Every structure is written in structure tokens, then in C-alpha cells.
Amino acid sequence: MKELTKAEEQLMRHLWKLNKAYLKDIVDEYDEPKPAYTTISTVVNVLVRKGIIGFDLHGKAKHYYPLISKEEYSNYSIRGFVNNFFNNSYKQFASFFTSRKELSVNELKEIRKMIDDEIKKKGK
């Protein structure tokens, strides 16, 4: 899988939300001022060439759909992020993440509960 540009990621967020869409539907998902139809068409064509988006033909119109799920791309992106910034160590990532001042005590407790639940699942 190839890393997506910001424009490609934004388009994919819209397509994941829509599940299947014509080009016009994708353009309609953007906030004002909406990008040009031709710009979105170019990004869609790049994603088709990359194998990220597929399409069905309905007459001359193409009905686009994602070939990878949001979860698959999220997992790929997070693995790359952890590899590039934390020496491929999820422990270093977790340490960095949990030491952020932006997290409240309640949020840290929720994270601890999620980790404890995952440990219980994997311990069985």
C-alpha cells in the first residue's frame, strides 16, 4: 500500500463516508469553497491508478468505491508513524502519547481500562 497525500486522504475520508459515489457526490461532500470538479477528478484518477479506489461503469458515469477500508489504511498509517517517529516501538509511542499534558486524568484512566481489557482478552 502506498502512503496517501493530504488531498488523497481527504477524498478518501469522504468516499469512506459515502461508501459508493459518483464524482459529483464526492465534490458535494467538500466544504465551501469546494475544490474544482476537475481537481477532484484528477485525485480520483490517481487513486484508481494506485489501486485504492475502484469503479463500476453506469453508462458513461463511473460509480466509485474504496478498495481498502478506513481501518486498513489507519493501521498502515499508524505502523508507518510508529516506525518513522518511535523506532518501530509501540512502547515508546505509548509513553510519548500518555505523557502529553493535553490528556486529562479521566482520559488516562479510560486508556488504562482499554489496555487492561485488551490484556485480559490476550491472556485467555
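Keep in mind it's a predicted model, so treat the numbers as computed, not measured. Going along each chain's sequence as written, the residues are numbered from 1 onward. It should be noted that, the model being predicted, local features are given only for residues of pLDDT at least 70 and side-chain atom pairs only at 80 or more, the latter also being counted only at that level, while totals for whole chains, interfaces and linings use all residues. The basis for every side-chain value is the complete set of non-hydrogen atoms in the structure, without hydrogens or water.

## Describing the nonpolar core
Ranked by size, the top nonpolar core spans 19 residues in total, and within it Leu11, Met12, Ile26, Ile40, Val44, Leu47 and Ile53 carry the most contacts. Look past the residues within four positions of Val44 in its chain and what remains in contact with it is Leu11, Leu23, Ile26 and Tyr64. As used in this record, nonpolar core signifies buried Ala, Val, Leu, Ile, Met, Phe, Trp, Tyr and Cys residues forming a set joined through side-chain atoms within 4.5 Å. The buried label applies to any residue whose accessible area, calculated with a 1.4 Å probe on protein chains only, is under 20% of its type's maximum; exposed applies above 50%, and partly exposed to all values in between. By definition in these notes, contact holds between two residues if any of their heavy atoms fall within 4.5 Å.

## What to know about the pattern of salt bridges
For this document, the term salt bridge refers to a Lys or Arg side-chain nitrogen within 4 Å of an Asp or Glu carboxyl oxygen. In this structure the tally under the stated criterion is 6 salt bridges. A salt bridge links Lys50 to Glu8; the shortest N-O distance between them is 2.8 Å. Taken together, the residues span a long stretch of sequence, with Lys50 in the loop between α3 (37-49) and β2 (53-58) and Glu8 in helix α1 (residues 6-18) at a distance of 42 residues. Ionic pairing is found between Asp28 and Lys24, a salt bridge with its closest N-O pair at 2.8 Å. Taken together, the residues Asp28 and Lys24, both in helix α2 (residues 23-29) and 4 residues apart, mark about one turn of the helix. Counting from the N terminus, the helices are DSSP H or I runs at least four residues long and the strands are E runs at least two residues long.

## A short note on helix α6 (residues 105-123)
Helices are assigned an expected span. That span is 1.5 Å times one less than the residue count. A rise of 1.5 Å per residue sets the reference length of α6, with its 19 residues, at 27 Å; its end C-alpha atoms lie 26 Å apart and thus fit the reference within 8%. Of all 19 residues in α6, 1 are buried; the element is thus mostly exposed.

## Brief notes about the packing of aromatic side chains
In summary, the pairing rule links any two rings of Phe, Tyr or Trp, Trp by its six-membered ring, whose centres are within 6.5 Å, and it sorts them by plane angle into stacked for under 30 degrees, edge-to-face for over 60 and tilted for everything else. Counted according to the given criterion, the structure contains 8 aromatic pairs. Considering the side-chain rings of Phe55 and Tyr64, the 5.9 Å spacing of their centres and the 65° angle between planes classify their relative orientation as edge-to-face. Note on Phe55: relative accessible area 31%, which makes it partly exposed. For Tyr64, a relative accessible area of 6% gives the class buried. Taken together through their ring pairs, the aromatic side chains of Phe81, Phe85, Phe86, Phe93 and Phe96 make up a single cluster. For a lysine, the NZ atom is tested; for an arginine, the CZ atom; a charge sits over a ring if that atom is within 6 Å of the ring centre and within 35 degrees of the ring normal. Note that Lys62 overlies the ring of Phe55, its terminal NZ or CZ placed 4.6 Å from the centroid.

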